[in-house]
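# An overview of the molecular structure
The lines below spell out each chain.
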Amino acid sequence: MTKYNDINLSDIDFDSFLRHGIILQIPNTSLLKIGINHSPDPTGSFYLTGFYGGVAKRFSVEYELEVEVSDFITWIDGIFVKGKTQIIVSDNFDSEFEKDAKKCLELVHDGVIKKLVPVTYAKYRFHRKFHPLSQIGSLSLLNGNLYGIWGAHVNFIGVTPEPLFLLRGDIGYSKALAGTTFLNDDQILHDPKEMEEHKLVVDDMEAKLASLANSLSLQGPVLVNYGTISHLQTDINFKVETFNYDSFVSKLSPTAALGGFPSEDVYKHMRTLLYYKYEGEGRTFGGTIGYSSEDISFALVNIRNIYWSEDELLIHSGCGIVAGSIIEKELVEVKSKRETIASIYE
């Protein structure tokens, strides 16, 4: 049974938290939800949904609290020994990614689909055991929403720039996020390829939300900085009459930013890529992690993260392939996205 608001950070059994913990930053706030000792529960408030959809895995927690992100970082920094982990690349998927990206571009040029998002990854070894939570302060500097779950069937932690949705009462918020630059340069607003990619995501989100909500209003695009990466962003506000967490996630995810466009053709083509052979239907990268209660519901897209096991760490990254894409530039983009996270642990 979950116990609410009757403990603070200093009361947490840290060893329990390291074994079975959840963190979720509420979008557009500096507040972090923390769950300790989670366990599978079909009525739980915490949700984990894979990239290929299906029924969300739900978790309840023994203890749940809500704290300021800054207080959480101070607490973590006071426990872990300072220092990097010295991770070293042991393998990567980049050559296969190039093949996938070329295949995606061929499908686009043939008029089969307008956009697809191939993914690559790198594997790392590390010299000493560590918990990725130890670098949470550095992750927070990337200006997204902190999130993570460990002690489940997967372990990951990250800082996503992309909330799938946030709902308080009948008032909802989402964002279309696509178009990438590493220069924080407004010239991207005049780049046909980046603007086309962004427009596809806006069109995708607008069409999907139209069947779930009303009173949609869009603001953007503007260039928003997320650490070393900047993206074109359009904010979307809406109202709902009825809400169901699974229905919202099923309808909205993956967005055109993570899957492609049009959405009804995405899964069919994604399953033909080499990357699919690696993770298959169990893929969680690009899926969602979220929370739902009577007061607030939100889902975060699982990107800009690391996955880890006993002796290995993985970082995934993807990019949108549209008609104006150049494969060499896309490879630079996915490597740069990966390095943004890897540099925190190197």
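Preceding this section is the structure that the text describes.
Residues numbered from 1 in each chain as written. Predicted model: local features only at pLDDT ≥ 70, side-chain atom pairs only at ≥ 80, totals over all residues. Heavy atoms only, no water.

## Observations concerning the packing of aromatic side chains
- Evaluation of the coordinates by the stated rule reveals 27 aromatic pairs.
- Ring centres 5.6 Å apart and planes at 70° place the aromatic pair Phe14 and Phe80 in the edge-to-face group. Here Phe14, found in helix 1 (residues 14-19), pairs with Phe80, found in the loop between helix 2 (69-77) and strand 6 (87-92); they are 66 residues apart in sequence, far enough to count as distant. In this structure, Phe14 and Phe80 share a single accessibility class: buried.
- Arranged with centres 4.3 Å apart and planes meeting at 25°, the rings of Tyr121 and Tyr278 form a pair that is stacked. Separated by 157 residues along the polypeptide, Tyr121 in strand 8 (residues 119-126) and Tyr278 in helix 8 (residues 274-279) bring together distant segments of the chain.
- Its guanidinium or amino end placed over the ring of Tyr291, Lys33 lies 4.5 Å from that ring's centre, counting from NZ or CZ. (Phe/Tyr/Trp six-rings, centres within 6.5 Å; stacked < 30°, edge-to-face > 60°. Helix = DSSP H or I, 4+ residues; strand = E, 2+ residues; numbered from the N terminus. Buried < 20%, exposed > 50% of the residue type's maximum accessible area, 1.4 Å probe, protein only. Lys NZ or Arg CZ within 6 Å of the ring centre and 35° of its normal.)

## Here we look at the packing of helix 3 (residues 94-109) against helix 9 (residues 327-345)
- Two elements in contact, helix 3 and helix 9, have axes whose closest approach is 10 Å; the angle formed by their N-to-C orientations is 130°. Of the possible angle classes, the one that applies to helix 3 and helix 9 is oblique. In this structure, helix 3 crosses over helix 9, and the sense of that crossing is right-handed. Counted together, Asp94, Phe97, Glu98, Ala101, Lys102 and Leu105 of helix 3 and Ile327, Glu330, Leu331, Val334, Lys335 and Arg338 of helix 9 form the full contact between these two elements.
- Looking at the contact of helix 3 with helix 9 residue by residue, the class counts come to six nonpolar, no polar and six charged. (Axes fitted to C-alpha atoms, helices over the stretch in contact; angles between N-to-C directions. Parallel < 35°, antiparallel > 145°, perpendicular 65-115°, else oblique. Left-handed = near helix turned anticlockwise from the far one by under 90°. Contact = heavy atoms within 4.5 Å. Nonpolar A, V, L, I, M, F, W, Y, C, P; charged D, E, K, R; others polar.)

## Observations regarding the pattern of salt bridges
- All chains considered together, the criterion is met by eleven salt bridges.
- Here Lys115 and Glu197 are joined by a salt bridge, their closest N and O atoms 3.3 Å apart. Note that Lys115 is positioned in strand 7 (residues 115-116) and Glu197 in helix 5 (residues 192-210), a separation of 82 residues in sequence. The burial state of Lys115 is the same as that of Glu197; both residues are buried. (Salt bridge = Lys/Arg side-chain N within 4 Å of Asp/Glu carboxyl O.)

## Brief notes about the pairing of strand 18 (residues 305-308)
- Along strand 18, one buried face is formed by Asn305 and Tyr307 and the opposite face, lined by Ile306 and Trp308, is buried too.
- Here three bridges tie strand 10 (residues 156-160) to strand 18, and the two strands are oriented antiparallel to one another. Looking at the pairing, Phe156 lines up with Tyr307 of strand 18.
- Of the strand pairs in this sheet, strand 18 and strand 19 (residues 313-318) are connected by two bridges, and their pairing is antiparallel. Across the sheet, residue Tyr307 finds its bridge partner in strand 19, namely Leu314. (Pairing = 2+ DSSP bridges.)

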